[in-house]
Every structure is written in C-alpha cells, then in structure tokens.
Amino acid sequence: MIKGIGVDITEIARVKEMMENHDQFIDRILTPAEKKQCEAFADKRKVEYLAARFSAKESFSKAYGTGIGKEVSFQDLSVIDNELGKPIVTTDKVTSPVHISISHTEDLVFTQIIIEE
Ligand SMILES: CC(C)(COP(=O)(O)OP(=O)(O)OC[C@H]1O[C@@H](n2cnc3c(N)ncnc32)[C@H](O)[C@@H]1OP(=O)(O)O)[C@@H](O)C(=O)NCCC(=O)NCCS
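Enquirer: Got a minute to help me understand the overall build of the protein in this structure?
Expert: Regarding its fold elements, the protein presents 4 helices and 5 strands. The C-alpha atoms of the protein give a radius of gyration of 13 Å, which matches the 13 Å a tight globule of 117 residues would have. Looking at the 117 residues of the protein, the share that counts as buried comes to 38%. Summing over all exposed atoms, the protein offers an accessible surface of approximately 6900 Å²; the carbon and sulfur share of this is 52%. If the 15 positive side-chain charges of the protein are averaged to one point and the 20 negative ones to another, these points end up 2 Å apart.

The following block contains the structure:
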C-alpha cells in the first residue's frame, strides 16, 4: 500500500544563486551525511546534487502531506547515492520504506517520492 506520493521540479540556477548568496544555505538543506558525499563532487555536479536534495525534500514534504515547515524540515531526511548511484532515502519521520527517483535536464531537476504504508 502507498501512504503518500510527492513530486517537485526545481530550477538548478535558483539553487545555485541561493548557494552563492546565502552562507548557511548548504547547511540548511543538506544533512551532514549528504554534505560529506556532496563535497567529493566537482562544481557543476555539486550544484545538481544540492538541487536534487532540495527538490527531494520538497517532494517528501508533499508525500508526507504537510509541506516544508514545522512538521518536516530539510534536515529530516537524507538522500544518499549508493555505490551504483541509486539514491537511498533515510528518515526518522516514517518507519515504512520511502522510495525516490531523480531526473535532471541542464536547467531543472525533477524528483518523485513514494512513502509506503
Ligand atoms: C508544499 C511546498 C513544498 C510547495 O513547494 P513550492 O515549490 O512552493 O510549490 P510547487 O509548485 O512545487 O508545489 C505546489 C503544489 O504543492 C501541493 N501542496 C501544497 N501543500 C501541500 C501539502 N500540505 N501536502 C501535499 N501537497 C501540497 C499543491 O498541490 C500545490 O499545487 P497548487 O498550488 O496548484 O495547489 C511548500 O512546503 C514550500 O513552498 N516550501 C518552501 C520551502 C522553503 O523553505 N523554501 C525556501 C528555500 S530555503
């Protein structure tokens, strides 16, 4: 059974601008584990990675049903690529499995989250 689905489209340039203009932006969006994985990437991939996490967390907040705010924050889930590059979600917000898929164009990142019942 599915408890919730959420999708999001994020403009990569907007995330780049936030990253460059706000010192705390990366720490607000990425968990320590994500930040560690992100630091290994070169500049362009770094922004894509950050934009995908931003988008994933918005998607999760929609699947959860509350949006980003008091109930769900950007620190409430980690999306870490495994050794094959597949993103894996970990969160304390739900005990059931959470699935994610991510897709990029040059300008946009799209994410989908499914929370199982
Ligand atoms: C729900 C949220 C994720 C919406 O994101 P958004 O980027 O403003 O807007 P999107 O176009 O991606 O999504 C809008 C849709 O979300 C859906 N939505 C709104 N509230 C929702 C909720 N509680 N649960 C599930 N879906 C919801 C609606 O379908 C809405 O479409 P509509 O406007 O046609 O009704 C909202 O929590 C949010 O804006 N968070 C902002 C997070 C933030 O802090 N940004 C600043 C950057 S540091």
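Enquirer: What am I meant to see in the nonpolar core here?
Expert: Looking at soluble globular proteins, one finds that nonpolar side chains tend to be buried together. Among the nonpolar cores identified, the biggest contains 14 residues, and Val15, Phe25, Ile29, Leu30, Leu50 and Phe54 are the most heavily contacted of them. When residues of this core are traced back to their parent elements, those giving at least two are helix H1 (12–21), helix H2 (25–29) and helix H4 (43–64). Broken down by element, this core gets its largest block of residues, 6 residues, from H4. When residues no more than four places from it in sequence are discounted, the contact partners of Val15 are Thr10, Phe25, Val47, Leu50, Ala51 and Phe54. By size, the runner-up hydrophobic cluster in this structure holds 12 residues, among which are Ala56, Val94, Ile100 and Ile115.

Enquirer: What exactly am I supposed to notice about the site of the ligand here?
Expert: In the vicinity of the ligand lie 13 residues, with Arg28, Glu58, Lys62, Gly65 and Ile68 positioned nearest. One nitrogen or oxygen atom from the main chain of Gly65 is found 2.9 Å from a nitrogen atom belonging to the ligand. Measuring from an oxygen atom of the ligand, one finds a backbone N or O atom of Ile68 at 2.7 Å. Burial of the ligand by the protein amounts to 45% of the accessible area it has alone, namely 940 Å². No other element matches H4, which puts 4 residues into the shell around the ligand. Grouping the amino acids of the shell around the ligand by side-chain chemistry returns 5 nonpolar, 4 polar and 4 charged.

Enquirer: Just to check I follow, could you spell out the environment of Ala56 for this structure?
Expert: Inspection of the secondary structure puts Ala56 in helix H4. With relative accessibility at 0%, the residue Ala56 sits in the buried group. When the C-alpha atoms of Ala56 and Val109 are compared, they prove to be 9.4 Å apart, with 53 residues separating the residues in sequence. Among residues more than four places away in sequence, those in contact with Ala56 are Val79, Ile100, Thr111 and Ile113.

Enquirer: What is the right way to look at the packing of aromatic side chains in this model?
Expert: The description of two aromatic rings rests on the distance between their centres and on the angle between their planes. As enumerated under the stated definition, the model contains 4 aromatic pairs in all. Their ring planes at 20 degrees and their centres at 5.4 Å tell us that Phe54 and Phe74 sit as a pair that is stacked. One end of the pair, Phe54, is in helix H4; the other, Phe74, is in the loop between H4 and strand S2 (77–81), with 20 residues separating them in the sequence. Side by side, Phe54 and Phe74 carry an identical accessibility label, which is buried. Through successive ring pairs, a cluster of aromatic residues spans Phe25, Phe54 and Phe74. Over the ring of Phe41 we find Arg45, and its NZ or CZ is 4.9 Å from the ring centre. Over the aromatic face of Tyr49 sits the side chain of Arg53, whose NZ or CZ is 3.6 Å from the ring centroid.

Criteria and thresholds
- Residues numbered from 1 in each chain as written.
- Predicted model: local features only at pLDDT ≥ 70, side-chain atom pairs only at ≥ 80, totals over all residues.
- Heavy atoms only, no water.
- Helix = DSSP H or I, 4+ residues; strand = E, 2+ residues; numbered from the N terminus.
- Rg over C-alpha atoms; globule rule 2.2 N^0.38 Å.
- Buried < 20%, exposed > 50% of the residue type's maximum accessible area, 1.4 Å probe, protein only.
- Areas by Shrake-Rupley, 256 points an atom, 1.4 Å probe, with all protein chains shown as cover.
- Lys, Arg positive; Asp, Glu negative; His and termini not counted.
- Charge placed at Lys NZ, Arg CZ, Asp CG, Glu CD.
- Core = buried A, V, L, I, M, F, W, Y, C linked by side-chain atoms within 4.5 Å.
- Contact = heavy atoms within 4.5 Å.
- Near = heavy atom within 4 Å.
- Polar contact = N/O pair within 3.5 Å; in protein donor to acceptor, adjacent residues only side chain to side chain.
- Nonpolar A, V, L, I, M, F, W, Y, C, P; charged D, E, K, R; others polar.
- Phe/Tyr/Trp six-rings, centres within 6.5 Å; stacked < 30°, edge-to-face > 60°.
- Lys NZ or Arg CZ within 6 Å of the ring centre and 35° of its normal.

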